[in-house]
Amino acid sequence: MAHAAVSALDLGSEKLLLQFFPEPVRLQLLYKVPHRGFKMSDFISKFDQEGRFVVIVYLESGTMKGGYMSKRPGFYCQEDRGAFVFEIDHQISNVFPVVNHRNSIIFNKEKIGFGDCLNIYSNKDKTLCVDVGSDDTYTPTDWSYEYEVPFMDVELHRIQSVGDVLLNPWRELSWTEKGRGSLRKNLVSFKPACQSLNQVRVLLMGPPGSGKSSFINSVRSVMFGRVLLLPFIGTATKGFIKKLKSYDIRSERGGKPTALTLCDVLALGDGETTGLTLPDALAVIKGHAPEGHKFQSEAPIDAKCAGYRPEPSMNDKIHCAVFVLDACQVLTYSEGQQTTMRRFHFELSDLDIPQVVLLTHVDQVCHTVQEDVKFVYTGRILQEKMQKAAEVVGLSVSHVFPVKNYSSELSVSCNTDILLLNAVHHILQAVDDTFEDYCPPSPSPLSTGPQHSTSTPVTV
């Protein structure tokens, strides 16, 4: 299981370092040099195309030395008028601004340098080395020249403006192994409040590439404890799924199904003539469409279709509709796509079908979330994306849940699991909240005697 690196920077030293900046900022750890298997190319690759960066070297003497870049360096020598080097020795801190701008930063595939004051490089044995010294590039440091100085750790941090990151999250989640275990247990033990329901069937709908199938794969990966590699996950620009397919979510590999079934369909189109049509969607939602039905624009779902259910049962129907939107695309969805989704929303609202929105690819629009999804509710950019997602469909922001699907990873991680399970939890909650007024409640384990109710199941 993957674990995020933890910075060696203590709170006192961090406060001293942050005082070097004229505006309020915060640090985000991008890379911590491993003690084994180090490659300088890995270090270099962690620098984004845009951003400000701090490199910190923790010397064995207990002193910290480092350098600041006000922009991503190009290769070889580069001018950086905002650069500085610094040292922190317990509660004493000193900063040395650049004075010779021309060669303030040296950056190539084998070396990161701040003049000759601080150099980090890979030697012939592919071992990380650190040299410190003094030159006329920066305000005189009075550092004695020392080659291959003994050190404990080297870290790369991004500098983020506090204006882009909220100091306090606007939604709270428990980002712990215990929190993940609790959410997983809730899913495994969940029973619909509606006595007529055996399974909660959830329909995923969204534009091509939004991540519907990947969400199903990711939820199953959470339950199995490893990332599944299944053939229905694709990158086709027009959508990969062409038929109705239902997936039971099992408690473990080979285990019993939980009460959750996720249903995948053809992607939504741009307007009325492409993708999943509203009549076909309603046929699926009302339970008329047979499993495995292949969607064809010239052959809408009707009584002539093989396997058509003229009188579907409560358990054949869809009990929650989920709009899956891509955070990278949510601001640029066409008017046709937005019109399609709003029309679906209005029709489903008339049928009393609960609806939520999943916002995928959140790690691709926020650097902080890319490093650790537990910061998903602290980024202003992502908050704006969630508000836009709500607007696109016509729901409130309280119905929008960000998720990060497993795509490039080969192992699951705690915080990603928590975000996925939290979305599932609220989907199931939305079903219970909506159907409570229409269905008789399930008998309480403590109740005795027969249950009586005049309620009837919801009809859609």
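Residues numbered from 1 in each chain as written. Predicted model: local features only at pLDDT ≥ 70, side-chain atom pairs only at ≥ 80, totals over all residues. Heavy atoms only, no water.

The protein carries the name Interferon-induced protein 44-like in an unreviewed UniProt entry, which gives Salmo trutta as its organism. Heading Sequence similarities (unreviewed entry) of the UniProt record for the protein holds this comment: "Belongs to the IFI44 family." (UniProt positions renumbered as here; feature names shortened; annotations may be inferred.)

1. Digging into the domain arrangement of the protein
Domain annotation for the protein reports domain 1 (11–163) and domain 2 (166–438). Relative placement of domain 1 and domain 2: their C-alpha centres are 44 Å apart. With 9 residues of domain 1 in contact, the opposing surface of domain 2 contributes 7 residues. Roughly 660 Å² is buried in total at the junction of domain 1 and domain 2, and carbon and sulfur atoms are behind 40% of that figure. Our count for the contact surface shared by domain 1 and domain 2 stands at 0 salt bridges. Here domain 1 and domain 2 share 0 residue pairs in polar contact (both at pLDDT 80 or more) between them. Secondary structure elements with two or more residues in the side of domain 1 that touches domain 2: β1 (25–32) and β11 (151–161). (Domains from an automatic or database assignment. Contact = heavy atoms within 4.5 Å. Buried area = accessible area lost by both parts, 1.4 Å probe. Salt bridge = Lys/Arg side-chain N within 4 Å of Asp/Glu carboxyl O. Polar contact = N/O pair within 3.5 Å; in protein donor to acceptor, adjacent residues only side chain to side chain. Helix = DSSP H or I, 4+ residues; strand = E, 2+ residues; numbered from the N terminus.)

2. A closer look at the pattern of salt bridges
Note that side chains of opposite charge can pair when their charged atoms are close. Overall, the coordinates contain 10 salt bridges when judged by the stated rule. E23 is paired through a salt bridge with R52; the nearest N and O atoms lie 2.8 Å apart. Of this pair, E23 sits in the loop between α1 (11–18) and β1 while R52 sits in strand β2 (residues 52–59); the two residues are 29 residues apart in sequence, bridging distant segments of the chain. Where R81 meets E79, a salt bridge forms, and the shortest distance between an N and an O atom there is 2.9 Å. Look at the salt bridges and you will find they share partners, linking E177, R180 and D417 into a network.

3. Considerations on the confidence of the model for the protein
Taken as a whole, the protein shows an average pLDDT of 87; of its residues, 90% reach a score of 70 or greater. Across residues 444–460, where pLDDT falls below 50, the model places 22 contacts with residues more than four positions away in sequence or in other chains. (pLDDT = per-residue confidence, 0-100.)

4. Overview of helix α8 (residues 380–393)
With 14 residues, α8 extends 21 Å between its outermost C-alpha atoms, agreeing within 8% with the 20 Å of an ideal straight helix rising 1.5 Å per residue. Every buried residue belonging to α8 is among L382, Q383, K385, M386, K388, A389, A390, V392 and V393, and all of these are buried. Considering only its buried residues, α8 is in contact with β15 (320–326), α6 (335–350), β16 (355–360), α7 (367–371) and β17 (400–402). One or two positions beyond α8, positive phi appears at G394, with a value near 105 degrees. (Expected span 1.5 Å × (residues − 1). Buried < 20%, exposed > 50% of the residue type's maximum accessible area, 1.4 Å probe, protein only.)

5. Digging into the sheet that holds strand β10 (residues 128–132)
The antiparallel open sheet is built from 5 strands, whose spatial order is β4-β7-β8-β9-β10. With partners counted over all chains shown, the strands left at the sheet margins are β4 (76–78) and β10, one partner each. For this sheet, the mean inter-axis angle between neighbouring strands, taken without regard to orientation, is 15 degrees. (Pairing = 2+ DSSP bridges. Axes fitted to C-alpha atoms, helices over the stretch in contact; angles between N-to-C directions.)

6. So, the nonpolar core
Among the nonpolar cores identified, the biggest contains 88 residues, and V202, M205, F215, L276, V322, L325 and L359 are the most heavily contacted of them. The biggest single contributor to this core is helix α9 (residues 414–435), with 12 residues. With residues near it in sequence (within four places) discarded, M205 still touches K212, V265, L268, L276, A321, V322, F323, V324, F344 and L348. Counting residues in hydrophobic clusters, the runner-up holds 32 residues, among them F47, I120, W143 and V149. (Core = buried A, V, L, I, M, F, W, Y, C linked by side-chain atoms within 4.5 Å.)

7. Here we look at unusual backbone geometry
Peptide bonds are trans in most cases, and residues, glycine excluded, mostly fall at negative phi. In this model, H90 sits at a positive phi of 60 degrees, which is unusual for a non-glycine residue. With respect to the helices and strands, H90 occurs in the loop between β5 (84–89) and β6 (92–97). On the accessibility criterion, H90 (58% relative accessible area) is exposed. Although it is not a glycine, H361 sits at a positive phi angle of roughly 60 degrees. Checked against the element boundaries, H361 lands in the loop between β16 and α7.

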